[in-house]
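Observations on the model geometry
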Amino acid sequence: MCGIVGAVSERDVQGILLEGLRRLEYRGYDSAGMAVIDGGRVTQRAREVGKVASLAEAIETNPLSGHLGIAHTRWATHGEPSQVNAHPHMSGDRLAIVHNGIIENYQDLRDELKADGFEFTSQTDTEVVAHLIEQYYRKHSNLYDAVKAAIARLRGAYALAVLHADEPDHLLVCREGSPLVIGVGIGENFIASDQLALLPVTDRFMFLEEGDIADIRRDAVSIHDREGTPVERKIIRFEHGSDSAEKGEYRHFMLKEIYEQPAVIKATMEGRTTDTRVLEQALGTDAANLLQDVNHVQIIACGTSYHAGMVARYWIEELAGVPCSVEVASEFRYRKHVIQRDTLFLCISQSGETADTLAALRQAKQAGFRAALAICNVPGSSLVRESDLVIMTQAGPEIGVASTKAFTTQLTALLIFTLALARHNGLTEEREAEIVKAIHQLPGQVDQVLALDAEIAEMSKAFMDKNHSLFLGRGSQFPVALEGALKLKEISYIHAEAYPAGELKHGPLALVDSEMPVVTVAPNNALVEKLKSNLEEVRARGGELFVFADSAADVKAEEGIHVMQLPSVHEITAPIVYTVPLQLLSYHVAVLKGTDVDQPRNLAKSVTVE
Ligand code: G6P
């Protein structure tokens, strides 16, 4: 994913920009670049394919020095990774910009600008924005007005930082669908796509809101909202110690990671969705060409990632109407397969280093699949390097062995992928908009579930001295039940089995008695009435029920039936929301039992051997 850094200072900004880029390396990128305005008021630029270290070497040989500059790490979407496609992009020799996101109408704008005499040197959507701003600059002779006029013509998602040698005292930045933060210094100011890039220079940040344009000077920051009204954005101090590799105020990494979910789900959707659509190009340069050919999806993964794949199967078949198979990697790699034509091979992995998943991918590459897509959380991992297309989840480092935030961000990425695929398979714009809206509601809904933490901790007491438990779900909630059972067994060592609720009477009902707690997830969907009959079957055998239910599902609490009401959620996004109370339940049971929550016995975070 691309990264942006910028600075306006009395000191030379080159070092600040390079350090900022280094701190963004964890996001994954394929090229890096920088532009600064020097004392002679000329815009100078350096760009390199590969690592930030290569850019640093290039700059050492040919220094760029100046008091105002922008820099970027690029993850290719439009046009291959190459020096000419790397940012910053320039219009003429005075205006330079860096951009995160996707401009959907770039082709029309490109044709228009070409007709007006602009020459293009790259295949990117970003260069279009550079020329468009320059065109308006010629008219308005004012960078703020030029940027404002240009962004009014853009469709898609973007965070932009713009400089112009004719106005060497300030930077302009704006955001729409991609994050951008201002770092507030003393006599100097900074901008970045992620506050982590700026921690060496400041700990005070202002977060731009959608539609904001900010003018950044050495000693002043002024912000206007979408309507052009001057606005103040609160300065927030970065809390040291809440760094991603620190537990901070939390007792365990697992709890911290459960609580990070609203933020990381948001980060995973950012830059990939507008208010109403998924930005297909954000899935990779070649995504559109590829997705239109796909006739079948084969998903491969292990552990929690496999459960994410199982949820995705429901989505892919329902929304895209494309057949989808899901299999654990350790089985897939050791059997013969019949590969249907134009099958997309999709691997899901938090670490990108799981031995079985990698082995399956390597086999698949020999076996005639259409292409390999990875959904992964670790940039630069083997899986990322060896796949044709990659969707990075933005969960940040996950330390707890029991996976939590990786799972919900995998689901977010998988749903975005599904919508992009479905668009080639008859999904209407209205339905896409409805589901994208539901995706945008997820961070708030997960927050509402987190607010139930104390009640869930209370509920967990009922599990503390049990040896067995049963988890039930139907439809896309069946994999959620599987994931809930996996969490409980991983960290509390209580035997937990998950069943599709309809299978109850084909076996597990024989186990049900007062010693067997039965956990059920019951969003209000077409299957809820059937699920309620299954709950009656449990209750009739003396089983104690713990039900997480939508209030509209009308599951009544009574003797032996404990009901916790969850927010009303869209049926498609419900698996993401309903996973969270099950994570909290397992966490609290484990804490009560005094097990090693973050490093459960016999398990490893990354299984790199067979
Ligand atoms: C291990 C971890 C699990 C994880 C699984 C797959 O078993 O403990 O949390 O789900 O590996 O790992 P991956 O990195 O491929 O998602």
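Read on for a plain summary of the structure.

What counts and how
Residues numbered from 1 in each chain as written. Predicted model: local features only at pLDDT ≥ 70, side-chain atom pairs only at ≥ 80, totals over all residues. Heavy atoms only, no water. Helix = DSSP H or I, 4+ residues; strand = E, 2+ residues; numbered from the N terminus. Buried < 20%, exposed > 50% of the residue type's maximum accessible area, 1.4 Å probe, protein only. Polar contact = N/O pair within 3.5 Å; in protein donor to acceptor, adjacent residues only side chain to side chain. Phe/Tyr/Trp six-rings, centres within 6.5 Å; stacked < 30°, edge-to-face > 60°. Lys NZ or Arg CZ within 6 Å of the ring centre and 35° of its normal. Contact = heavy atoms within 4.5 Å. Near = heavy atom within 4 Å. Areas by Shrake-Rupley, 256 points an atom, 1.4 Å probe, with all protein chains shown as cover. Nonpolar A, V, L, I, M, F, W, Y, C, P; charged D, E, K, R; others polar. Pairing = 2+ DSSP bridges. Axes fitted to C-alpha atoms, helices over the stretch in contact; angles between N-to-C directions.

1. Description of the environment of His-87
- For His-87, the location among the structural elements is in the loop between strand S4 (68-74) and strand S5 (89-91).
- In this structure His-87 comes out as buried when scored by relative accessible area, which is 4%.
- Sequence separation between His-87 and Asn-100 is 13 residues; the distance between their C-alpha atoms is 9.9 Å.
- A polar contact of 3.5 Å, which involves the side chain of His-87, links it to the side chain of His-72.

2. Section: the packing of aromatic side chains
- This structure, assessed with the given rule, holds four aromatic pairs.
- Between the aromatic rings of Phe-463 and Phe-546, the centroid separation amounts to 4.8 Å while the plane-to-plane angle is 50 degrees, which identifies the pairing as tilted. One end of the pair, Phe-463, is in the loop between helix H15 (453-460) and strand S21 (468-473); the other, Phe-546, is in strand S24 (residues 544-550), with 83 residues separating them in the sequence.
- In this structure Phe-463 comes out as buried when scored by relative accessible area, which is 0%.
- Directly above the aromatic system of Tyr-314 lies the positively charged group of Arg-313, at a separation of 5.7 Å from the ring centroid.

3. Digging into helix H5 (residues 143-151)
- Along H5, seven of the nine residues are buried, which leaves the element largely enclosed by surrounding structure.
- Those residues of H5 not exposed but buried are Leu-143, Tyr-144, Ala-146, Val-147, Ala-149, Ala-150 and Ile-151.
- Against the buried residues of H5 lie strand S6 (95-103), helix H4 (125-140), strand S7 (156-164), strand S8 (170-176), strand S12 (213-217) and strand S13 (221-224).
- Its side-chain oxygen placed 2.9 Å from the backbone nitrogen of Tyr-144, Asn-142 serves as the N-cap of H5.

4. Observations concerning the site of the ligand
- The immediate surroundings of the ligand are formed by 13 residues, with Ser-305, Ser-349, Gln-350, Ser-351 and Thr-354 found nearest.
- A distance of 2.6 Å separates an oxygen atom of the ligand from a polar atom in the side chain of Ser-351.
- At a separation of 2.5 Å, an oxygen atom of the ligand approaches a polar side-chain atom of Thr-354.
- For the ligand, the protein covers 90% of the area, taking 390 Å² as the surface of the free molecule.
- The element that contributes the greatest number of residues to the shell around the ligand is helix H9 (residues 303-320), accounting for three residues.
- Split by residue class, the shell around the ligand holds four nonpolar, eight polar and one charged.

5. A short note on the sheet that holds strand S23 (residues 517-522)
- In space, the five strands of this open sheet follow the order S22-S21-S23-S24-S25, with parallel pairing throughout. Whereas interior strands pair on both sides, the edge strands pair on one side only; in this sheet they are strand S22 (495-500) and strand S25 (561-566). Taking each pair of neighbouring strands and ignoring which way they run, the sheet shows an average axis angle of 20 degrees.
- Of the strand pairs in this sheet, S24 and S25 are connected by six bridges, and their pairing is parallel. Bridging from a neighbouring strand, Asp-550 pairs with Leu-566 of S25.
- Packed onto the sheet, H15 meets S24 and S25 and runs at close to 160 degrees relative to S25.

6. Quick notes on helix H1 (residues 14-23)
- Considered for burial, the residues of H1 that qualify are Gln-14, Ile-16, Leu-17, Leu-18, Gly-20 and Leu-21.
- As for H1, its buried residues are in contact with strand S1 (3-8), strand S2 (31-37), helix H2 (52-61), S4 and strand S10 (189-192).

7. Structural notes on the sheet that holds S13
- One open sheet holds the seven strands; their spatial order is S5-S6-S7-S8-S12-S13-S14, and the pairing between them is antiparallel. A strand with exactly one partner marks an edge of an open sheet, and here the two such strands are S5 and strand S14 (230-231).
- Two elements, S12 and S13, share four bridges in a ladder whose sense is antiparallel. By the bridge assignment for S13, Ile-216 is matched with Val-221.
- On the sheet, H4 packs against S5, S6 and S7 and is oriented at approximately 130 degrees with respect to S6.

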